Amino acid sequence: MKLRRRSAVVAAGVAAAALLVPAAVAAAHGNGKQDDTSLRALASKQGLRFGTAVDASQLGSNKAYTDIVAGQFSAVTAENAMKWDAVEPSQGVYNWKAADDLVKFAQQNGQAVRGHTLMWHNQLPSWLTTGVSNGTISDAQLRDILHKHVTDEVTHFKGKVWQWDVANETFANSWETPQADGLNADDFWVKHLGSGVLADVFRWAHQADPKALLMYNDYNITGEDGTNVKFQAVYDFVKQMRKQGVPIDGIGEQGHLDTQYGFNAQLYQNDLQAYGDLGLKVAITEADVRTFVDDPATQVPTDSLAQFAQPYEFSALLKGCELVTQCISFTAWGVYDGDSWIPGTFSGEGSGLLYDVNLQPKTVYSTLQQDLQLAAGTKKHGPVGSDK
Ligand code: XIL
(Lines give C-alpha, C1' and ligand atoms only; values in the text may rest on other atoms or scores of the structure.)
Protein backbone atom coordinates (compact mmCIF):
# COMPACT_ATOMS: atom_id res chain seq x y z
CA MET A 1 0.00 0.00 0.00
CA LYS A 2 2.78 2.30 1.07
CA LEU A 3 4.81 1.51 -2.02
CA ARG A 4 1.83 2.07 -4.25
CA ARG A 5 1.15 5.47 -2.78
CA ARG A 6 4.80 6.41 -3.09
CA SER A 7 4.91 5.48 -6.76
CA ALA A 8 1.74 7.48 -7.35
CA VAL A 9 3.44 10.54 -5.87
CA VAL A 10 6.52 9.96 -8.01
CA ALA A 11 4.34 9.47 -11.04
CA ALA A 12 2.45 12.67 -10.34
CA GLY A 13 5.78 14.48 -10.05
CA VAL A 14 6.82 13.15 -13.43
CA ALA A 15 3.58 14.33 -14.95
CA ALA A 16 3.97 17.78 -13.47
CA ALA A 17 7.58 18.01 -14.68
CA ALA A 18 6.50 17.05 -18.16
CA LEU A 19 4.09 19.97 -18.20
CA LEU A 20 6.77 22.48 -17.25
CA VAL A 21 8.29 22.71 -20.69
CA PRO A 22 10.52 25.75 -21.17
CA ALA A 23 9.12 28.30 -23.60
CA ALA A 24 12.06 27.84 -25.99
CA VAL A 25 11.41 24.12 -26.23
CA ALA A 26 7.70 24.65 -26.72
CA ALA A 27 8.39 27.17 -29.48
CA ALA A 28 10.71 24.78 -31.30
CA HIS A 29 7.94 22.21 -31.38
CA GLY A 30 5.04 24.47 -31.98
CA ASN A 31 6.08 27.05 -34.54
CA GLY A 32 6.16 24.63 -37.45
CA LYS A 33 9.59 25.77 -38.57
CA GLN A 34 12.41 23.31 -38.82
CA ASP A 35 15.27 24.07 -36.50
CA ASP A 36 18.70 22.45 -36.36
CA THR A 37 17.72 20.32 -33.41
CA SER A 38 14.50 18.93 -34.84
CA LEU A 39 14.43 15.17 -35.26
CA ARG A 40 14.21 15.51 -39.02
CA ALA A 41 17.18 17.89 -39.26
CA LEU A 42 19.37 15.76 -37.01
CA ALA A 43 18.42 12.51 -38.76
CA SER A 44 19.19 14.00 -42.16
CA LYS A 45 22.81 14.44 -41.03
CA GLN A 46 23.18 10.69 -41.31
CA GLY A 47 21.00 10.26 -44.38
CA LEU A 48 18.08 8.92 -42.35
CA ARG A 49 14.46 9.94 -42.49
CA PHE A 50 12.63 10.28 -39.18
CA GLY A 51 8.93 9.65 -39.68
CA THR A 52 5.60 9.48 -37.94
CA ALA A 53 2.26 7.86 -38.56
CA VAL A 54 -0.31 10.58 -39.16
CA ASP A 55 -3.97 10.70 -38.29
CA ALA A 56 -5.12 12.45 -41.45
CA SER A 57 -8.19 13.91 -39.69
CA GLN A 58 -6.05 15.99 -37.31
CA LEU A 59 -3.97 17.62 -40.03
CA GLY A 60 -5.09 21.20 -40.31
CA SER A 61 -7.75 20.90 -37.60
CA ASN A 62 -5.26 20.51 -34.75
CA LYS A 63 -2.67 23.26 -35.12
CA ALA A 64 -0.18 22.08 -32.49
CA TYR A 65 -0.31 18.59 -33.97
CA THR A 66 0.11 19.83 -37.52
CA ASP A 67 3.08 22.02 -36.57
CA ILE A 68 4.85 19.12 -34.89
CA VAL A 69 4.27 16.81 -37.86
CA ALA A 70 5.68 19.44 -40.23
CA GLY A 71 8.55 20.57 -38.04
CA GLN A 72 9.86 17.34 -36.58
CA PHE A 73 9.39 14.63 -39.17
CA SER A 74 10.74 13.97 -42.68
CA ALA A 75 8.54 10.99 -43.54
CA VAL A 76 4.84 10.33 -42.99
CA THR A 77 2.74 7.18 -42.98
CA ALA A 78 -1.04 7.31 -43.12
CA GLU A 79 -2.09 5.57 -39.91
CA ASN A 80 -5.32 4.42 -41.53
CA ALA A 81 -6.12 6.53 -44.61
CA MET A 82 -4.45 4.26 -47.20
CA LYS A 83 -5.86 1.00 -45.85
CA TRP A 84 -8.26 -0.87 -48.11
CA ASP A 85 -11.43 -0.16 -46.09
CA ALA A 86 -10.62 3.57 -46.23
CA VAL A 87 -9.90 3.84 -49.94
CA GLU A 88 -12.59 1.52 -51.32
CA PRO A 89 -15.53 1.53 -48.89
CA SER A 90 -17.91 0.15 -51.55
CA GLN A 91 -16.69 -2.07 -54.31
CA GLY A 92 -15.42 0.03 -57.21
CA VAL A 93 -16.07 3.32 -55.39
CA TYR A 94 -12.79 4.91 -54.39
CA ASN A 95 -12.30 7.59 -51.78
CA TRP A 96 -8.77 8.93 -51.92
CA LYS A 97 -9.50 12.28 -50.24
CA ALA A 98 -7.80 11.80 -46.85
CA ALA A 99 -4.80 10.03 -48.35
CA ASP A 100 -4.43 12.61 -51.11
CA ASP A 101 -4.51 15.41 -48.54
CA LEU A 102 -1.73 13.73 -46.58
CA VAL A 103 0.40 13.26 -49.70
CA LYS A 104 -0.10 16.93 -50.56
CA PHE A 105 0.87 17.95 -47.03
CA ALA A 106 4.00 15.80 -47.30
CA GLN A 107 4.96 17.38 -50.59
CA GLN A 108 4.48 20.86 -49.16
CA ASN A 109 6.69 20.02 -46.21
CA GLY A 110 9.50 18.14 -47.94
CA GLN A 111 8.47 14.79 -46.50
CA ALA A 112 8.62 11.32 -48.03
CA VAL A 113 5.51 9.12 -47.91
CA ARG A 114 5.42 5.55 -46.67
CA GLY A 115 2.41 3.81 -48.21
CA HIS A 116 0.66 1.54 -45.73
CA THR A 117 -0.55 -1.11 -46.60
CA LEU A 118 -1.64 -3.07 -49.67
CA MET A 119 -2.25 -6.62 -48.46
CA TRP A 120 -3.25 -7.16 -44.84
CA HIS A 121 -5.85 -9.29 -43.07
CA ASN A 122 -7.21 -6.35 -41.05
CA GLN A 123 -9.20 -3.27 -42.05
CA LEU A 124 -10.52 -4.91 -45.18
CA PRO A 125 -13.75 -3.46 -46.58
CA SER A 126 -16.84 -5.29 -45.36
CA TRP A 127 -18.10 -5.87 -48.91
CA LEU A 128 -15.01 -7.99 -49.43
CA THR A 129 -15.01 -9.99 -46.20
CA THR A 130 -18.78 -10.54 -46.41
CA GLY A 131 -18.54 -11.66 -50.02
CA VAL A 132 -15.81 -14.15 -49.18
CA SER A 133 -17.61 -15.56 -46.17
CA ASN A 134 -21.00 -15.97 -47.90
CA GLY A 135 -19.40 -17.48 -50.99
CA THR A 136 -20.37 -14.78 -53.48
CA ILE A 137 -16.66 -14.04 -53.98
CA SER A 138 -14.74 -17.17 -55.02
CA ASP A 139 -11.02 -17.53 -54.41
CA ALA A 140 -10.33 -16.97 -58.12
CA GLN A 141 -12.36 -13.74 -58.00
CA LEU A 142 -10.64 -12.73 -54.76
CA ARG A 143 -7.28 -13.00 -56.48
CA ASP A 144 -8.47 -10.73 -59.30
CA ILE A 145 -9.93 -8.27 -56.78
CA LEU A 146 -6.62 -8.15 -54.88
CA HIS A 147 -4.69 -7.69 -58.11
CA LYS A 148 -6.96 -4.80 -59.08
CA HIS A 149 -6.68 -3.23 -55.61
CA VAL A 150 -2.87 -3.33 -55.65
CA THR A 151 -2.69 -2.00 -59.19
CA ASP A 152 -5.24 0.77 -58.66
CA GLU A 153 -3.82 2.01 -55.37
CA VAL A 154 -0.16 1.94 -56.41
CA THR A 155 -1.07 3.59 -59.73
CA HIS A 156 -3.07 6.30 -57.97
CA PHE A 157 -0.01 7.26 -55.91
CA LYS A 158 2.57 6.52 -58.61
CA GLY A 159 5.70 8.64 -58.17
CA LYS A 160 4.43 9.97 -54.82
CA VAL A 161 5.15 7.07 -52.49
CA TRP A 162 8.71 6.36 -51.37
CA GLN A 163 8.16 2.98 -49.72
CA TRP A 164 5.13 0.71 -49.86
CA ASP A 165 4.32 -1.82 -47.13
CA VAL A 166 3.20 -4.25 -49.81
CA ALA A 167 2.36 -7.15 -47.52
CA ASN A 168 1.72 -6.85 -43.79
CA GLU A 169 1.80 -9.49 -41.03
CA THR A 170 1.48 -12.72 -43.01
CA PHE A 171 3.99 -14.81 -41.02
CA ALA A 172 3.13 -17.02 -38.06
CA ASN A 173 4.12 -15.89 -34.57
CA SER A 174 6.59 -17.96 -32.56
CA TRP A 175 3.75 -19.23 -30.35
CA GLU A 176 1.69 -20.37 -33.34
CA THR A 177 2.28 -23.39 -35.58
CA PRO A 178 3.53 -22.10 -38.90
CA GLN A 179 3.21 -23.65 -42.31
CA ALA A 180 6.41 -25.31 -43.54
CA ASP A 181 7.37 -22.04 -45.22
CA GLY A 182 6.78 -20.01 -42.05
CA LEU A 183 3.62 -18.28 -43.22
CA ASN A 184 0.52 -18.21 -41.06
CA ALA A 185 -1.90 -20.77 -42.52
CA ASP A 186 -4.79 -18.85 -40.94
CA ASP A 187 -3.87 -15.54 -42.52
CA PHE A 188 -6.82 -14.43 -44.65
CA TRP A 189 -4.73 -14.13 -47.82
CA VAL A 190 -2.58 -17.21 -47.33
CA LYS A 191 -5.68 -19.29 -46.52
CA HIS A 192 -7.55 -18.26 -49.66
CA LEU A 193 -4.78 -17.70 -52.19
CA GLY A 194 -1.82 -19.77 -50.96
CA SER A 195 1.76 -18.77 -50.19
CA GLY A 196 2.42 -17.67 -53.78
CA VAL A 197 0.27 -14.59 -53.21
CA LEU A 198 3.20 -12.95 -51.46
CA ALA A 199 5.38 -12.94 -54.57
CA ASP A 200 2.36 -11.92 -56.66
CA VAL A 201 1.58 -8.74 -54.71
CA PHE A 202 5.18 -7.60 -55.00
CA ARG A 203 5.13 -8.22 -58.77
CA TRP A 204 1.82 -6.38 -59.16
CA ALA A 205 3.04 -3.40 -57.12
CA HIS A 206 6.28 -3.25 -59.09
CA GLN A 207 4.39 -3.23 -62.37
CA ALA A 208 2.32 -0.28 -61.20
CA ASP A 209 5.22 1.82 -59.85
CA PRO A 210 8.68 0.44 -60.69
CA LYS A 211 10.41 3.19 -58.69
CA ALA A 212 8.73 2.72 -55.32
CA LEU A 213 10.58 0.73 -52.68
CA LEU A 214 8.59 -2.41 -51.92
CA MET A 215 8.73 -3.69 -48.34
CA TYR A 216 7.51 -6.67 -46.35
CA ASN A 217 6.27 -5.31 -42.98
CA ASP A 218 5.72 -7.25 -39.75
CA TYR A 219 6.24 -7.33 -35.96
CA ASN A 220 8.50 -9.59 -33.84
CA ILE A 221 10.72 -10.23 -36.86
CA THR A 222 13.92 -9.10 -35.15
CA GLY A 223 13.77 -11.27 -32.05
CA GLU A 224 11.62 -8.99 -29.86
CA ASP A 225 9.55 -11.91 -28.60
CA GLY A 226 12.70 -13.52 -27.15
CA THR A 227 13.08 -16.07 -29.96
CA ASN A 228 14.46 -15.76 -33.44
CA VAL A 229 11.91 -18.11 -34.98
CA LYS A 230 9.85 -15.53 -36.85
CA PHE A 231 12.99 -13.70 -37.99
CA GLN A 232 14.37 -16.92 -39.46
CA ALA A 233 11.13 -17.68 -41.29
CA VAL A 234 10.95 -14.21 -42.85
CA TYR A 235 14.67 -14.27 -43.64
CA ASP A 236 14.49 -17.65 -45.42
CA PHE A 237 11.32 -16.79 -47.31
CA VAL A 238 12.55 -13.40 -48.48
CA LYS A 239 15.95 -14.82 -49.47
CA GLN A 240 14.11 -17.32 -51.65
CA MET A 241 11.95 -14.59 -53.19
CA ARG A 242 15.06 -12.57 -54.04
CA LYS A 243 16.60 -15.66 -55.70
CA GLN A 244 13.45 -16.02 -57.78
CA GLY A 245 13.68 -12.41 -58.88
CA VAL A 246 10.63 -11.20 -56.94
CA PRO A 247 10.89 -7.38 -56.73
CA ILE A 248 11.14 -6.98 -52.95
CA ASP A 249 13.39 -4.15 -51.77
CA GLY A 250 13.23 -4.23 -48.04
CA ILE A 251 11.94 -5.26 -44.65
CA GLY A 252 9.80 -3.09 -42.42
CA GLU A 253 10.25 -3.94 -38.76
CA GLN A 254 7.26 -2.49 -36.94
CA GLY A 255 9.00 -2.00 -33.58
CA HIS A 256 6.06 -2.23 -31.17
CA LEU A 257 7.68 -2.81 -27.78
CA ASP A 258 6.31 -3.17 -24.25
CA THR A 259 8.46 -2.47 -21.18
CA GLN A 260 7.03 -5.52 -19.36
CA TYR A 261 8.81 -7.91 -21.75
CA GLY A 262 12.37 -6.61 -21.99
CA PHE A 263 14.20 -6.21 -25.27
CA ASN A 264 17.35 -7.78 -26.68
CA ALA A 265 18.85 -4.84 -28.53
CA GLN A 266 21.84 -6.79 -29.81
CA LEU A 267 19.70 -9.51 -31.36
CA TYR A 268 17.52 -6.83 -32.94
CA GLN A 269 20.55 -5.11 -34.47
CA ASN A 270 22.02 -8.42 -35.69
CA ASP A 271 18.73 -9.36 -37.32
CA LEU A 272 18.36 -5.99 -39.02
CA GLN A 273 21.92 -6.40 -40.29
CA ALA A 274 21.19 -9.91 -41.57
CA TYR A 275 18.31 -8.57 -43.67
CA GLY A 276 20.60 -5.81 -44.86
CA ASP A 277 23.25 -8.35 -45.83
CA LEU A 278 20.71 -10.02 -48.12
CA GLY A 279 20.84 -6.83 -50.17
CA LEU A 280 17.65 -5.46 -48.65
CA LYS A 281 16.94 -2.07 -47.18
CA VAL A 282 15.40 -2.02 -43.72
CA ALA A 283 13.07 0.46 -42.06
CA ILE A 284 11.62 0.79 -38.59
CA THR A 285 8.03 1.47 -39.49
CA GLU A 286 5.77 1.65 -36.40
CA ALA A 287 7.93 2.30 -33.35
CA ASP A 288 6.26 2.73 -29.97
CA VAL A 289 7.15 1.53 -26.48
CA ARG A 290 4.15 1.01 -24.24
CA THR A 291 3.95 0.59 -20.51
CA PHE A 292 1.24 0.36 -17.83
CA VAL A 293 -0.36 3.71 -17.06
CA ASP A 294 -2.80 5.25 -14.59
CA ASP A 295 -5.52 6.14 -17.06
CA PRO A 296 -5.91 6.50 -20.85
CA ALA A 297 -6.65 10.22 -20.43
CA THR A 298 -3.44 11.05 -18.55
CA GLN A 299 -1.15 8.09 -19.31
CA VAL A 300 1.19 8.52 -16.38
CA PRO A 301 3.27 5.34 -16.02
CA THR A 302 2.32 3.40 -12.89
CA ASP A 303 5.81 1.96 -12.40
CA SER A 304 8.33 4.69 -11.61
CA LEU A 305 11.03 2.72 -13.47
CA ALA A 306 9.02 3.03 -16.67
CA GLN A 307 10.28 6.59 -16.98
CA PHE A 308 13.68 5.03 -17.65
CA ALA A 309 12.63 1.85 -19.45
CA GLN A 310 10.45 3.60 -22.02
CA PRO A 311 13.12 5.99 -23.37
CA TYR A 312 15.78 3.29 -23.05
CA GLU A 313 13.96 0.83 -25.27
CA PHE A 314 12.95 3.50 -27.78
CA SER A 315 16.57 4.60 -27.90
CA ALA A 316 17.75 1.03 -28.49
CA LEU A 317 15.32 0.81 -31.42
CA LEU A 318 16.75 3.96 -32.95
CA LYS A 319 20.40 3.06 -32.30
CA GLY A 320 20.03 -0.34 -33.97
CA CYS A 321 18.76 1.44 -37.07
CA GLU A 322 21.58 3.98 -36.90
CA LEU A 323 24.16 1.20 -36.70
CA VAL A 324 22.82 -0.63 -39.74
CA THR A 325 23.78 1.20 -42.93
CA GLN A 326 20.85 -0.29 -44.84
CA CYS A 327 18.31 1.30 -42.46
CA ILE A 328 16.69 4.16 -44.35
CA SER A 329 13.92 5.41 -42.07
CA PHE A 330 12.74 5.33 -38.48
CA THR A 331 9.03 5.96 -37.98
CA ALA A 332 7.11 6.37 -34.72
CA TRP A 333 3.54 5.02 -34.78
CA GLY A 334 1.86 8.32 -34.02
CA VAL A 335 2.79 11.74 -32.73
CA TYR A 336 1.47 11.84 -29.16
CA ASP A 337 0.02 9.59 -26.49
CA GLY A 338 -3.40 11.17 -26.91
CA ASP A 339 -3.86 9.71 -30.38
CA SER A 340 -2.00 6.44 -30.03
CA TRP A 341 -3.63 3.09 -30.81
CA ILE A 342 -2.10 1.65 -27.60
CA PRO A 343 -4.76 2.45 -24.93
CA GLY A 344 -7.51 1.10 -27.16
CA THR A 345 -5.64 -2.08 -28.01
CA PHE A 346 -3.61 -3.02 -24.93
CA SER A 347 -5.74 -2.70 -21.85
CA GLY A 348 -4.16 -0.55 -19.12
CA GLU A 349 -1.20 0.48 -21.25
CA GLY A 350 -0.10 3.69 -22.94
CA SER A 351 2.62 6.36 -22.88
CA GLY A 352 4.23 4.79 -25.96
CA LEU A 353 5.12 7.84 -28.03
CA LEU A 354 7.45 10.88 -28.04
CA TYR A 355 4.86 13.48 -26.97
CA ASP A 356 2.47 13.21 -24.05
CA VAL A 357 -1.32 13.57 -24.06
CA ASN A 358 -0.92 17.37 -24.06
CA LEU A 359 1.41 17.30 -27.06
CA GLN A 360 4.42 18.14 -24.90
CA PRO A 361 7.75 16.40 -25.65
CA LYS A 362 8.63 13.66 -23.18
CA THR A 363 11.99 12.41 -21.89
CA VAL A 364 12.06 9.96 -24.76
CA TYR A 365 12.04 12.88 -27.20
CA SER A 366 15.27 14.35 -25.84
CA THR A 367 16.82 10.90 -25.53
CA LEU A 368 16.27 10.29 -29.24
CA GLN A 369 17.48 13.78 -30.03
CA GLN A 370 20.75 13.00 -28.22
CA ASP A 371 21.12 9.71 -30.06
CA LEU A 372 20.72 11.52 -33.36
CA GLN A 373 23.16 14.24 -32.32
CA LEU A 374 25.79 11.66 -31.38
CA ALA A 375 25.45 9.86 -34.70
CA ALA A 376 25.23 12.97 -36.89
CA GLY A 377 27.66 12.66 -39.78
CA THR A 378 28.90 9.23 -38.74
CA LYS A 379 27.03 6.91 -41.06
CA LYS A 380 25.45 7.36 -44.41
CA HIS A 381 22.20 5.55 -44.88
CA GLY A 382 21.91 6.85 -48.42
CA PRO A 383 20.88 10.30 -49.56
CA VAL A 384 17.65 11.29 -47.85
CA GLY A 385 14.78 10.47 -50.13
CA SER A 386 16.79 8.15 -52.34
CA ASP A 387 14.82 5.40 -54.00
CA LYS A 388 16.10 2.33 -55.77
C1 XIL B 1 -3.60 0.48 -36.21
C2 XIL B 1 -3.99 1.95 -36.11
O3 XIL B 1 -3.01 2.62 -35.36
C4 XIL B 1 -5.35 2.09 -35.47
O5 XIL B 1 -5.78 3.45 -35.51
C6 XIL B 1 -6.36 1.19 -36.16
O7 XIL B 1 -7.60 1.26 -35.48
C8 XIL B 1 -5.87 -0.22 -36.23
O9 XIL B 1 -4.59 -0.27 -36.86
N10 XIL B 1 0.14 -2.90 -37.15
C11 XIL B 1 -0.10 -2.19 -38.29
C12 XIL B 1 -0.89 -0.93 -38.24
O13 XIL B 1 0.45 -2.53 -39.35
O14 XIL B 1 -1.61 -0.68 -39.41
C15 XIL B 1 -1.81 -0.91 -37.04
O16 XIL B 1 -2.41 0.38 -36.96
C17 XIL B 1 -1.06 -1.26 -35.78
C18 XIL B 1 -0.45 -2.64 -35.87
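Structure's up top.
A brief look at the structure comes next.

The rules we used
Residues numbered from 1 in each chain as written. Predicted model: local features only at pLDDT ≥ 70, side-chain atom pairs only at ≥ 80, totals over all residues. Heavy atoms only, no water. Near = heavy atom within 4 Å. Polar contact = N/O pair within 3.5 Å; in protein donor to acceptor, adjacent residues only side chain to side chain. 1 Å grid on protein atoms, 1.4 Å probe; cavity = no way out; pocket = protein on both sides within 12 Å on 5 of 7 lines; lining within 4 Å. Sits in = over half its atoms within 2 Å of the grid points. Nonpolar A, V, L, I, M, F, W, Y, C, P; charged D, E, K, R; others polar. Points joined across faces, edges and corners; volume = space filled by probe spheres on them. Helix = DSSP H or I, 4+ residues; strand = E, 2+ residues; numbered from the N terminus. Axes fitted to C-alpha atoms, helices over the stretch in contact; angles between N-to-C directions. Parallel < 35°, antiparallel > 145°, perpendicular 65-115°, else oblique. Left-handed = near helix turned anticlockwise from the far one by under 90°. Contact = heavy atoms within 4.5 Å. Expected span 1.5 Å × (residues − 1). Buried < 20%, exposed > 50% of the residue type's maximum accessible area, 1.4 Å probe, protein only. Salt bridge = Lys/Arg side-chain N within 4 Å of Asp/Glu carboxyl O. Disulfide = S-S within 2.5 Å.

This brings us to the site of the ligand. Taken together, 13 residues surround the ligand, and among them Glu-79, Lys-83, His-116, Glu-286 and Trp-333 come closest. Trp-333 places a side-chain nitrogen or oxygen 2.9 Å from an oxygen atom of the ligand. In a pocket analysis with a 2 Å cut-off to the grid points, the ligand is assigned to the largest pocket. Across the shell around the ligand, the residue classes break down as three nonpolar, six polar and four charged.

In this section: the layout of surface pockets. Any space left empty among the atoms is revealed by the rolling of a water-sized probe across them. In this structure, the largest pocket spans a volume of roughly 610 Å³. Together, 31 residues line the largest pocket, and Tyr-219, His-256, Arg-290, Trp-341 and Phe-346 are the ones closest to its centre. Looking at the lining of the largest pocket, the elements that each hand over two or more residues are strand E7 (256–258) and strand E8 (281–292). Residue contributions to the lining of the largest pocket peak at three residues, all from E7. Looking at the lining of the largest pocket residue by residue, the class counts come to nine nonpolar, 13 polar and nine charged.

One can describe the packing of helix H13 (residues 306–323) onto helix H15 (residues 363–375) by two numbers: an axis separation of 9 Å at closest approach and a directional angle of 25°. For the element pair H13 / H15, the angle class is roughly parallel. Crossing geometry of H13 relative to H15 is assigned as right-handed. Between H13, through Gln-310, Pro-311, Phe-314, Ser-315, Leu-318, Lys-319 and Glu-322, and H15, the contact on the second element is made entirely by Thr-363, Val-364, Thr-367, Leu-368, Asp-371, Leu-372 and Ala-375.

Here H15 contains 13 residues, and its C-alpha end-to-end distance of 19 Å stays within 8% of the 18 Å for a straight helix at 1.5 Å per residue. Val-364, Tyr-365, Thr-367, Leu-368, Gln-369, Asp-371, Leu-372 and Ala-375 are the residues of H15 that are buried. Remark: Gly-377 follows H15 within two positions and exhibits a positive phi of approximately 80°.

Taken as a whole and assessed by the stated rule, the structure comprises ten salt bridges. In this structure, Asp-101 engages Lys-97 in a salt bridge whose closest nitrogen and oxygen atoms are separated by 2.6 Å. With a gap of four residues between them, Asp-101 and Lys-97 both fall in helix H6 (residues 97–108), about one helical turn apart. On the accessibility criterion, Lys-97 (54% relative accessible area) is exposed. Residues Lys-362 and Asp-337 are paired through a salt bridge, measuring 2.7 Å at the closest nitrogen-oxygen approach. Separated by 25 residues along the polypeptide, Lys-362 in the loop between strand E10 (349–350) and H15 and Asp-337 in the loop between strand E9 (327–332) and helix H14 (342–345) bring together distant segments of the chain. Here Lys-362 falls in the buried class, since its relative accessible area comes to 14%. A relative accessible area of 2% means that Asp-337 is categorised as buried. One salt-bridge network, held together by shared partners, links Arg-143, Asp-200 and Arg-203.

Let us now look at the state of the cysteines. Under the defined criterion, the tally for this structure stands at one disulfide. Covalently, Cys-321 is tied to Cys-327 through a disulfide, its sulfur atoms 2.2 Å apart. As the torsion about the S-S bond is roughly -95°, the Cys-321-Cys-327 disulfide counts as left-handed. Comparing Cys-321 with Cys-327 shows no difference in burial state: the two are buried.

Purely geometric stuff here, so don't read any function into it on its own.
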